[in-house]
Amino acid sequence: MAIETAARKLAEELVNRRESINRELARNGVRFGIYHDGEYHDRLFPYDPIPRIIDSDEYDELERGLKQRVNALNAYLRDIYSDKNIIHDGVIPEEFVYTSAGYLPQVNGVTPPGGVFAHIAGEDLVQGEDGRWWVLEDNLRIPSGASYPLFVRDIERRADPKLFRDVHIRDNRDYPRLLRKTMDFVSTEGIAVVLTPGRYNSAFFEHAYLAEKTGAELVFPEDLEVVDNKVYLRDYAGQRHRVGVVYRRLSDEYLDPFAFNPDSVIGVPGILGAYRAGNVAIMNAIGNGVADDKAVYYFVPKMIEYYLGETPILHNAPTYMPLFDEDRKIVLSRMGELVIKDVAEAGGYGVVFGSSLDKAQREELADRIKAEPRRFIAQEVIQFRDIDVIDELGKPSPRKCDLRAFVLTGQNTHVWYSGLTRYSSVPGEMIVNSSQGGGFKDTWILASEDAQKKAKENAQSREQVRVEINRKNRRSLAHVTASKAENLFWLGRYMERVFTTLDVFFPYYDRVMDTNIDAFRPFARSLDLPSDFEDFDAFVHSFLYDKSNRDSVRSAIISAFYNAVILRPEIGSTLMQYIELAMNRIVDASHHANASQDVYDQRDITDYVLAFWGGIENSAVEPTMKAFIFLGKYLERIDLYTRFVFSEEVLQTTMRKLLAYVKELEGLPLPQCFADSLHWLIEQLPERGYESIVEQLSNLISDFDERVVAFDPDAGSLLNCMDMDAARP
């Protein structure tokens, strides 16, 4: 009781600091994407500071139930893709298996490396008003959400370290270690990769963050290729590196166009063959959808009894199957009392509360159920507990919340001591999915005295911590793909463009304020920008804030960000936040860019850029990766300095820095963008009167051209590397 009281005191303290915590989340780019009306909207994932608090003994019971359930589901997957004893013994009718969209005959007879199918399970639970826990769904394909409570806990700990020391909450920082341990257990031979379909995926932040924390490589489908039934990562120089485990974050149907959807452009052709041959592990296994089908959910308690010989610890929500005659009669007669779920949908879609339908709508749904009874299930409505959130007025407001618990299975099965508590965006709304606009809370699992003692006994030594940090930061240039090499280069160019154009703009702005209203026109012409604006205010808006203008500072910052988010595992979340801060600053300013002081506020952006450059220089980023970034930086600086007619003496300083970073790459292959940019710049400089710089850059070109590795524009990665504009390569 004393522990719980202290925890609630700490929770109250976090409420008082919610604004600072949300600022930290914003500056670190903790995002979740939503598709609305066919358009992608990237937004900050709403966070509420009042945590869900679960008592130690209560969670111990949950932990036992979750392990039991996931072990049974793994046993079911092994069985259903091999002997199918559960069908032969009449426990599950075969039509529920073979008619499931998640059943894939392409992997029949395949046992994954390590014998594990569901490596990461996301178990969605709700707690009834009587305190009883109910399982609503098993997510065994690509469950997301662990990164958000993992990330926010670090911020909460820093908000009040003393209170966190006094309150015994089970540490949740173990998730990356557990995930990497699972990867290593099932890996065949080679490196570990996190396969993402791209930054427009709703959970891309999580893909990049978990790659950063586990030390795995973040890759796009075009970065992988299959040769002789083995999967390889192809680096920017064309060299192949064997892949042993793929933590994939895209659905089965898009994973391999040779085997599944032939129209998929985000898959890896031939990866199914490598998987069937046992040459690569895929997490989660292909075909897991047959176990998290909403109709198969009905049979999970029977699976536990059949495979484990145990009584289920956790309970399913009371469920009816319209495919069964008796159940269908109940569903059709009680439409207004039940919740109906379309088993083909996910993410909160296809869920209908009968009480919300009028008579005509219920009749229409009833006709659909009669026509396709296998497609639907019906459940009793569980009145689950409300948890307070802080509303927009700063007042506590009760909301429905669920809990996604994460269970990781490798050599052993582990339940993560945390979870994603999701809350509905509207009071009384029962659907809490992130994709439906809901937010999240941290989940605190209180630690008993025995748990505290065990945690101290198992605490990592300083040497273990050092090894973990070194592994996380050890990024090999050999694993940099062609698209990421371009991302590094363009990140350098965009960040320099932001800094130098703003730095040069301010003196021009001062001259305008000194009544020389046309002083901005030479500045505009130097950057090949239109100088025929009606007035200076129109120019300032276009130059600083207009996102439709590809030459604006805002566009440059956003493009820098688009390159950087893909590089989170390489440059780290700490350095990412400076780019996020700069982007947030310019976007916020664009909404109220009327007062003259707003222009001077943009000096904050140059400070963020300087902090980024200093952080890169002093970071553990591999030196040759740094060189990729700084080559982009100094090539852009030469372009800008010559546009603004800087002295040759100033330019020679930049040239010396450029040459120093070129030396870092001595003997190494170079991406095409380096050489293209040099060629283009050499063509421009004679007209600007910098012959000596032309000569120096021409000497570089001869060496560069011999080492250039062409980037395949058909690979699709150009979507990730954002060219500067049509006129500047």
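It should be emphasised that the depicted structure is a prediction, and the values quoted were computed from it without experimental measurement.

**Side note on the overall build of the protein chain**
- Looking only at helices and strands, the protein chain features 29 helices and 23 strands.
- For the protein chain, the residues scored as buried account for 56% of the 729 residues in total.
- About 30200 Å² of surface is accessible on the protein chain, with carbon and sulfur atoms providing 47% of the total.

**Some remarks on the environment of isoleucine 382**
- Position of isoleucine 382 relative to the elements: it lies in the loop between strand S16 (376–380) and strand S17 (386–390).
- Each C-alpha atom, one on isoleucine 382 and one on alanine 317, is 7.4 Å from the other, the two residues being 65 residues apart in sequence.
- Each residue touching isoleucine 382, except ones within four places of it in the same chain, is listed here: Val126, Gly128, Trp134, Leu136, Ala317 and Met430.

**Regarding the nonpolar core**
- One finds Tyr175, Leu658 and Leu697 to be the most contacted residues of the largest nonpolar core, which totals 136 residues.
- Residues in contact with tyrosine 175, not counting those within four places in the same chain, are Ile120, Ala146, Leu150, Leu210, Phe406, Leu408 and Trp416.
- If you look at the next biggest cluster of nonpolar residues, it comprises 76 residues, including Phe96, Val231, Leu255 and Phe299.

**Looking at the packing of helix H3 (residues 56–80) against helix H12 (residues 300–308)**
- Direction vectors running N to C along H3 and H12 enclose 80 degrees, while the axes themselves pass 9 Å from each other. Regarding the angle of H3 to H12, the classification is roughly perpendicular. Contact with H3, carried on its side by Gln68, Arg69, Ala72, Leu73, Ala75, Tyr76 and Asp79, involves Val300, Met303, Ile304, Tyr306, Tyr307 and Leu308 of H12 and no other residues of that element.
- Partitioned by chemical class, the residues of the contact of H3 with H12 number 10 nonpolar, 1 polar and 2 charged.

**What to know about the packing of helix H6 (residues 147–159) against helix H9 (residues 204–214)**
- Where H6 contacts H9, the two axes come as close as 10 Å, and the packing angle between them is 65 degrees. Crossing of H6 against H9: the hand is left-handed. Facing H6, whose interface residues are Ser147, Tyr148, Leu150 and Phe151, H9 presents Phe205, Glu206, Tyr209 and Leu210.
- Among the residues making up the contact of H6 with H9, the classes are represented as 6 nonpolar, 1 polar and 1 charged.

**A word on the pattern of salt bridges**
- Inspection of the entire model under this criterion finds 38 salt bridges.
- The residue arginine 334 makes a salt bridge to glutamate 380 at a minimum N-O spacing of 2.8 Å. Of the two residues, arginine 334 is situated in the loop between helix H13 (325–333) and strand S14 (338–342) and glutamate 380 in strand S16; the sequence distance between them amounts to 46 residues.
- Of the charged contacts in the structure, one is a salt bridge between glutamate 636 and arginine 497, with a shortest N-O distance of 3.7 Å.

**Brief notes about the pairing of S17**
- The pairing of S17 with strand S18 (residues 396–409) spans 5 bridges and is classified as antiparallel. Directly across from aspartate 388, in S18, lies its bridge partner proline 398.
- Hairpin connection from S17 to S18: 5 residues lie between these consecutive antiparallel strands, with glycine 394 at a positive phi of about 80 degrees.

**Remarks on unusual backbone geometry**
- The peptide bond linking methionine 283 to asparagine 284 adopts the cis configuration, its omega dihedral lying at -15 degrees.
- Relative to the assigned elements, asparagine 284 resides in the loop between strand S11 (281–283) and H12.
- The backbone phi angle of lysine 84 is positive, close to 60 degrees, even though this residue is not glycine.
- Note on placement: lysine 84 falls in the loop between H3 and helix H4 (85–88).

**Thoughts on the sheet that holds S14**
- The strand order across the open sheet formed by 4 strands is S13-S16-S14-S15, and the pairing between neighbours is antiparallel. The open sheet is flanked by strand S13 (319–320) and strand S15 (351–353), the only strands paired with a single partner.

**Quick look at H9**
- With 10 of 11 residues buried, H9 is to be regarded as a mostly interior element.
- Listed as buried for H9 are Phe204, Phe205, Glu206, His207, Ala208, Tyr209, Leu210, Ala211, Glu212 and Thr214.
- Following H9 by one or two positions, glycine 215 adopts a phi angle in the positive range, close to 80 degrees.

**Thoughts on the confidence of the model for the protein chain**
- Looking at the protein chain as a whole, the pLDDT averages 86, with 87% of positions reaching at least 70.
- Below a pLDDT of 50 lies the segment residues 713–729, which in the model reaches 50 contacts outside its immediate sequence neighbourhood of four places, other chains included.

**What about the environment of leucine 575?**
- Along the polypeptide, leucine 575 turns up in helix H22 (residues 573–590).
- Taking the C-alpha atoms as reference, leucine 575 lies 9.5 Å from glycine 614; in sequence the two are 39 residues apart.
- Each residue touching leucine 575, except ones within four places of it in the same chain, is listed here: Phe612, Gly615, Ile616 and Ser619.

**Considering the pairing of strand S8 (residues 224–227)**
- Here S8 runs beside strand S9 (residues 230–234); their pairing, made up of 4 bridges, is antiparallel. Each residue of the ladder has a partner; that of glutamate 225, found in S9, is tyrosine 232.
- Between the antiparallel neighbours S8 and S9 lie 2 residues, among them aspartate 228 with a positive phi of about 55 degrees.

**A closer look at the packing of aromatic side chains**
- Inspection of the entire model under this criterion finds 39 aromatic pairs.
- Relative to phenylalanine 406, the ring of tyrosine 175 lies with its centre 6.1 Å away and its plane at 75 degrees, an arrangement referred to as edge-to-face. Of the two residues, tyrosine 175 is situated in helix H8 (residues 175–186) and phenylalanine 406 in strand S18; the sequence distance between them amounts to 231 residues. Across the pair, phenylalanine 406 and tyrosine 175 agree in class, each one buried.
- Among the aromatic residues, those joined into a ring-pair cluster are Phe45, Tyr47, Tyr148, Phe151, Phe205, Tyr209 and Phe440.
- Taking NZ or CZ as reference, arginine 170 lies 4.7 Å from the ring centre of tyrosine 417, over its face.
- Geometry around tryptophan 613 places lysine 633 over its ring, the cationic atom sitting 4.3 Å from the centre.

**Regarding the environment of serine 100**
- With respect to the helices, strands and loops of the structure, serine 100 is situated in the loop between helix H5 (94–98) and strand S4 (120–127).
- Taking the C-alpha atoms as reference points, serine 100 and arginine 374, separated by 274 residues in sequence, lie 8.8 Å from one another.
- With sequence-adjacent residues up to four places away left out, serine 100 is seen in contact with Gly289, Val290, Asp293 and Arg374.
- A distance of 2.9 Å separates a polar atom in the side chain of serine 100 from a polar atom in the side chain of aspartate 293.

**Focus on the side chain of threonine 481**
- One can find threonine 481 in the loop between helix H16 (462–473) and helix H17 (482–513).
- Owing to a relative accessible area of 1%, threonine 481 belongs among the buried residues under this scheme.
- Not counting residues up to four positions away in its chain, the partners in contact with threonine 481 are Asp223, Leu233, Arg234, Asp235 and Tyr236.

**Side note on helix H26 (residues 648–664)**
- Its 17 residues place the ends of H26 24 Å apart at the C-alpha level, agreeing with the 24 Å of an ideal helix rising 1.5 Å per residue.
- Within H26, the full set of buried residues consists of Leu651, Thr654, Met655, Leu658, Tyr661 and Val662. End-on view of H26: buried residues confined to an arc of 125 degrees, all on one side of the axis. Those residues of H26 that are exposed and aimed more than 90 degrees away from the buried face are Glu649, Arg656 and Lys663.

Reading the values: rules and limits
- Residues numbered from 1 in each chain as written.
- Predicted model: local features only at pLDDT ≥ 70, side-chain atom pairs only at ≥ 80, totals over all residues.
- Heavy atoms only, no water.
- Helix = DSSP H or I, 4+ residues; strand = E, 2+ residues; numbered from the N terminus.
- Buried < 20%, exposed > 50% of the residue type's maximum accessible area, 1.4 Å probe, protein only.
- Areas by Shrake-Rupley, 256 points an atom, 1.4 Å probe, with all protein chains shown as cover.
- Contact = heavy atoms within 4.5 Å.
- Core = buried A, V, L, I, M, F, W, Y, C linked by side-chain atoms within 4.5 Å.
- Axes fitted to C-alpha atoms, helices over the stretch in contact; angles between N-to-C directions.
- Parallel < 35°, antiparallel > 145°, perpendicular 65-115°, else oblique.
- Nonpolar A, V, L, I, M, F, W, Y, C, P; charged D, E, K, R; others polar.
- Left-handed = near helix turned anticlockwise from the far one by under 90°.
- Salt bridge = Lys/Arg side-chain N within 4 Å of Asp/Glu carboxyl O.
- Pairing = 2+ DSSP bridges.
- pLDDT = per-residue confidence, 0-100.
- Phe/Tyr/Trp six-rings, centres within 6.5 Å; stacked < 30°, edge-to-face > 60°.
- Lys NZ or Arg CZ within 6 Å of the ring centre and 35° of its normal.
- Polar contact = N/O pair within 3.5 Å; in protein donor to acceptor, adjacent residues only side chain to side chain.
- Expected span 1.5 Å × (residues − 1).
- Arc of directions from axis to C-beta.

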